[in-house]
Amino acid sequence: MLDTAKTTDTQVETLLEVNNIEVIYNHVILVLKGVSLSVPKGGITALLGGNGAGKTTTLKAISNLLHSERGEVTKGSVSYRGERVQDLDPAALVQKGVIQVMEGRHCFEHLTVEENLLTGAYTRNSAAETAQDLEMVYNYFPRLKERRRSQAGYTSGGEQQMVAIGRALMSRPECILLDEPSMGLAPQLVEQIFGIVKSLNEEQGYTFLLSEQ
Ligand code: ATP
């Protein structure tokens, strides 16, 4: 059972729309049926559900990451800014402004914190903009600036989650999908990360869709 909760209640533009989707893994395992949600521009939308409810599957259906898991959207549609996007490859969707921060953080362990962040700017080619964005990330995550020369694999779970979010920001996204950002983190860190998400939303205008239990 999945639920969505929105922080905004006024009439605003819908950025992302999931309409009645069905997802099947391995051609036979039906995991999602009739899931619909809409994400308003400039809001923080939460996708809530218990363990195994299908939150990750929903987010991967949006960012087109199901193919690598032998999953596919067999019914319904996903649109971004009114355009059907479910046939795009994930990189093309990133260029349109939608990026997913995967559950479990996923850093490049052998790269430094800063090198990890720079990989997020891979789709862009202005060195000046990249430097500016790196400063913006360090401004929101001062801890990453302190640890920028450390190998990511040796940083804490909270720092790795910050790296994963910071790396997503480096692609200059409009809409960020955050899959269970609190997973495995101490309550104090969870509070800190959600505080930063709220500031990024209010001050930089990023739209968030985040999943949590
Ligand atoms: P969690 O809180 O544990 O991350 P979730 O809500 O994100 O759970 P999903 O990971 O989307 O849930 O899983 C939904 C269901 O789909 C589960 O029953 C899971 O076992 C199944 N599932 C997920 N990935 C696959 C896969 N690649 N092949 C087959 N079944 C899968």
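Residues numbered from 1 in each chain as written. Predicted model: local features only at pLDDT ≥ 70, side-chain atom pairs only at ≥ 80, totals over all residues. Heavy atoms only, no water.

J.: Hey, could you run me through the overall build of the protein chain in this one?
T.: Helix and strand counts for the protein chain stand at seven helices and nine strands. The principal-axis extent of the C-alpha atoms belonging to the protein chain is close to 45 × 35 × 35 Å. Relative to its 213 residues, the protein chain shows a buried fraction of 50%. Restricting the contact set of the protein chain to residue pairs at least 6 apart, pairs at least 24 apart contribute 73%. (Helix = DSSP H or I, 4+ residues; strand = E, 2+ residues; numbered from the N terminus. Buried < 20%, exposed > 50% of the residue type's maximum accessible area, 1.4 Å probe, protein only. Contact = heavy atoms within 4.5 Å.)

J.: Got a minute to help me understand the environment of Glu115 in this structure?
T.: Inspection of the secondary structure assignment puts Glu115 in helix H3 (residues 113–119). It is 9.4 Å that separates the C-alpha atoms of Glu115 and Arg167, two residues lying 52 residues apart in sequence.

J.: Looking at this structure, I do not really get the pairing of strand S3 (residues 29–40). What am I missing?
T.: Working note: regular strand, side chains alternate between the two faces of the sheet. Alignment of strand S2 (residues 14–25) against S3, held across eight bridges, turns out to be antiparallel. Across the sheet, Ile24 pairs through a bridge with Leu30, a residue of S3. Hairpin connection, S2 to S3: the antiparallel pair is bridged by three residues, and Asn26 has positive phi, about 50°. (Pairing = 2+ DSSP bridges.)

J.: Could you clarify how one ought to interpret helix H6 (residues 157–169) in this entry?
T.: Residue pairs spaced three or four apart in an α-helix point in one direction, given the helix's 3.6 residues per turn. In this model, H6 (13 residues) spans 19 Å end to end at C-alpha, consistent with the 18 Å of a helix rising 1.5 Å per residue. Buried residues dominate H6, accounting for twelve of its 13 residues. Those residues of H6 not exposed but buried are Gly158, Glu159, Gln160, Gln161, Met162, Val163, Ala164, Ile165, Gly166, Arg167, Ala168 and Leu169. Of the surrounding secondary structure, the elements contacted by the buried residues of H6 are strand S7 (98–101), H3, helix H4 (127–140), helix H5 (142–146), strand S8 (175–179) and helix H7 (187–204). (Expected span 1.5 Å × (residues − 1).)

J.: What am I meant to see in the sheet that holds strand S5 (residues 71–80) here?
T.: Sheet strands pair via backbone hydrogen bonds, and the direction of the pair is either parallel or antiparallel. With respect to topology, four strands assemble into an open sheet ordered S3-S2-S5-S6, the strand pairing being antiparallel. Unpaired on one side and paired on the other, S3 and strand S6 (83–84) mark the two borders of the sheet. Where S5 and S6 come together, two bridges link them in antiparallel fashion. Of the residues in S6, the one forming a bridge with Ser79 is Arg84. On the sheet, helix H1 (residues 55–62) packs against S2, S3 and S5 and is oriented at approximately 115° with respect to S2. (Axes fitted to C-alpha atoms, helices over the stretch in contact; angles between N-to-C directions.)

J.: Before we go on, may I ask you to explain the pattern of salt bridges in this structure?
T.: Pairing between side chains of opposite charge can happen when the charged atoms of each approach one another. Per the stated rule, a full pass over the model turns up 16 salt bridges. Where Asp87 meets Arg84, a salt bridge forms, and the shortest distance between an N and an O atom there is 3.6 Å. Given a relative accessible area of 66%, Asp87 falls into the exposed group. In the salt-bridge network here, residues are joined through shared partners; they are Glu13, Lys41, Arg81 and Glu174. (Salt bridge = Lys/Arg side-chain N within 4 Å of Asp/Glu carboxyl O.)

J.: Mind showing me how you'd approach unusual backbone geometry here?
T.: A negative phi holds for most residues other than glycine; trans holds for most peptide bonds. For Arg70, which is not glycine, the phi torsion reads 60° and is therefore positive. Here Arg70 is to be found in the loop between H1 and S5. Its identity as a non-glycine residue notwithstanding, Arg81 has a phi of 50°, on the positive side. Assignment of secondary structure puts Arg81 in the loop between S5 and S6.

J.: Can you walk me through the site of the ligand in this structure?
T.: Around the ligand sit 15 residues in total, of which Asn51, Lys55, Thr56, Thr57 and Glu180 are the nearest. Within the backbone of Ala53, one N or O atom sits 3.1 Å away from an oxygen atom of the ligand. Here Thr56 contributes a side-chain N or O atom positioned 2.7 Å from an oxygen atom of the ligand. Computed on the free molecule, the ligand has an accessible area of 630 Å², of which 67% lies beneath the protein chains in the complex. Those elements that provide at least two residues to the shell around the ligand are S3 and H1. When residues in the shell around the ligand are grouped by element, the largest group, three residues, is from H1. Here the residues of the shell around the ligand sort into four nonpolar, seven polar and four charged. (Near = heavy atom within 4 Å. Polar contact = N/O pair within 3.5 Å; in protein donor to acceptor, adjacent residues only side chain to side chain. Areas by Shrake-Rupley, 256 points an atom, 1.4 Å probe, with all protein chains shown as cover. Nonpolar A, V, L, I, M, F, W, Y, C, P; charged D, E, K, R; others polar.)

J.: Looking at this structure, I do not really get the nonpolar core. What am I missing?
T.: Formed by 35 residues in total, the largest nonpolar core has its most connected members in Phe141 and Leu144. Those elements that provide at least two residues to this core are strand S4 (44–48), S7, H3, H4, H6, S8, H7 and strand S9 (207–212). The element best represented in this core is H6, accounting for six residues. Leu144 has contacts with Val113, Leu117, Val137, Tyr138, Glu159, Met162 and Val163, leaving out every residue within four places of it along the chain. Ranked by size, the runner-up nonpolar core spans 23 residues in total, among them Leu16, Leu47, Leu177 and Leu209. (Core = buried A, V, L, I, M, F, W, Y, C linked by side-chain atoms within 4.5 Å.)

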